[in-house]
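Residue strings, one per chain:
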Number of protein chains: 2
Amino acid sequence: MEFYQLQSFLTVAREGNLTKAAGLLHLSQSALSNQIKSLEGEVGTDLFQRMPRGMELSFAGRKLLSHAETAVRAMEDFGTAARGLGDNLSGRLSVGLNTDPSFLRIADLDSRMGAKFPLVDLEFLPSQTLATTSLLNGEVLDVGFRFGKSGDNGICEEWIADSRFPFMHCYPVTNRERCFKNQLLHIIFSFCCRKSVEFIFLLK
Amino acid sequence: MEFYQLQSFLTVAREGNLTKAAGLLHLSQSALSNQIKSLEGEVGTDLFQRMPRGMELSFAGRKLLSHAETAVRAMEDFGTAARGLGDNLSGRLSVGLNTDPSFLRIADLDSRMGAKFPLVDLEFLPSQTLATTSLLNGEVLDVGFRFGKSGDNGICEEWIADSRFPFMHCYPVTNRERCFKNQLLHIIFSFCCRKSVEFIFLLK
DNA sequence: GGAACTTACGCGTGTCGTAAGAATT
DNA sequence: AATTCTTACGACACGCGTAAGTTCC
């Protein structure tokens, strides 16, 4: 029984729909379906009733929902506490800009990052929407903006135009070597979350 | 950042010693070392000071300890709540006995299991200590007692002679098909935990 | 030498995504 | 036909253990 399973459980319960939940979690339907099934296996009971129109919490699911919520909140608290004392972060992070920096409010991002993380060196490079993907794959960029979906697999996309932008769920980079950058990206995501822009934040 | 990492963090912090913690968690030194290092990577700071005599919590580690404790407790609460409503468990579980059932207090175990899980069919089979391992591997037994260590890899052993028997940590079976039996084994473990016996409970 | 942790490396399990299947509207 | 969830399957990443390497007592 792992953290990600409980997160998935909550998301599916909240959305009442596996497909939508999978989208929010940046997961395929089948992967999420398997996660839930595996959790149900460990619990020993079904957590959802499979309806023709989606997933509805079962009796056991309703019973366990609050426990799952507190557990997930506690885990997230650990994460934020950890990130809170990471003020000694340092390093370089290359950000690709596909359009006018002022439109992307880069100055704002830069100053807020600089205030909070003086040792972090943000490097901004121009990168056309169509070039961003390959620059990410070539390790030239760590992260970048683009217009519209890329479709490239292995790259995590975040709509920053959507008001319900789930930046709590930006955990695409899991390999150990990138842990450092992961944290910075967490922070950048939280800065970049805004409602009125129609591009995508890319992360390999 | 996953549940097992926080459990490991707590155990190492409590023991102040990676080797001993690895034993309690049924893990190799190196695996645990990697877990801690990976967690430190995500957190962005060292959690321990590596002393010649063991691991000592760093400043950040002390700061995060309480958060980790509440998170782990919350996750465990979820697990116990889940197991609490699993009273409709049913199925068959084969238990190998290497010696006198009365010495193993099998009647006690059986009656308590029967009271709590009337649909669970416990099957007790004789199995010499030396035969138990192969019977487990041959899927004849699901679990069995033996004297002393087996040394067979892929089989999880639990000392039930030790008063500090960590039956909170019996999570060796992870593949999906065995989830059901996993739960029963959890329960059996909690029943079998006693202080004055000198054999080992085997679990493939 | 012994006890501690880290690093290197091959292996296996589990999770992922793609794609096809089943059920319902 | 469209939407939903499940199943099958190949692929890859991650965590594991063994064993060698380092450091300190």
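Residues numbered from 1 in each chain as written. Chains lettered and ligands numbered in written order. Predicted model: local features only at pLDDT ≥ 70, side-chain atom pairs only at ≥ 80, totals over all residues. Heavy atoms only, no water.

Colleague: Would you mind showing me how to read the pattern of salt bridges here?
Modeller: Side chains bearing opposite charge may pair, as long as their charged atoms lie close to each other. Residue and element names in this part refer to chain A. On inspection of all chains with the given rule, the structure shows 2 salt bridges over all chains. The shortest N-O distance in the salt bridge between Glu 40 and Arg 50 comes to 2.8 Å. Pair noted here: Glu 40 is in helix α3 (residues 29-43) and Arg 50 is in strand β1 (residues 48-51), with a separation of 10 residues, a long-range link. For Glu 40, a relative accessible area of 4% corresponds to the buried category. Residue classification places Arg 50 among the partly exposed residues on the basis of a relative accessible area of 40%. (Salt bridge = Lys/Arg side-chain N within 4 Å of Asp/Glu carboxyl O. Helix = DSSP H or I, 4+ residues; strand = E, 2+ residues; numbered from the N terminus. Buried < 20%, exposed > 50% of the residue type's maximum accessible area, 1.4 Å probe, protein only.)

Colleague: How do you make sense of unusual backbone geometry when you look at a structure like this?
Modeller: For residues besides glycine, phi is generally negative; the peptide bonds are generally trans as well. Positioned with a positive phi, His 26 of chain A is a non-glycine residue whose angle comes to about 55 degrees. Mapped onto the secondary structure, His 26 of chain A falls in the loop between α2 (18-24) and α3.

Colleague: Would you mind going over the interface of chain A and chain B with me for this structure?
Modeller: If you look at the interface, chain A gives 34 residues, while chain B gives 34 residues. At the boundary of chain A with chain B, total buried surface from both sides reaches about 2,900 Å², with 73% on carbon and sulfur atoms. Counting across the interface, chain A meets chain B through 0 salt bridges. Taken together, the connections running from chain A to chain B amount to 4 residue pairs in polar contact (both at pLDDT 80 or more). At the level of elements, α1 (3-15), α3, α4 (59-84) and α7 (179-192) of chain A are the ones that each hand at least two residues to the side of chain A that touches chain B. With 14 residues, α4 of chain A is the single largest residue contributor to the side of chain A that touches chain B. Among the residues forming the side of chain A that touches chain B, the class breakdown is 19 nonpolar, 10 polar and 5 charged. (Contact = heavy atoms within 4.5 Å. Buried area = accessible area lost by both parts, 1.4 Å probe. Polar contact = N/O pair within 3.5 Å; in protein donor to acceptor, adjacent residues only side chain to side chain. Nonpolar A, V, L, I, M, F, W, Y, C, P; charged D, E, K, R; others polar.)

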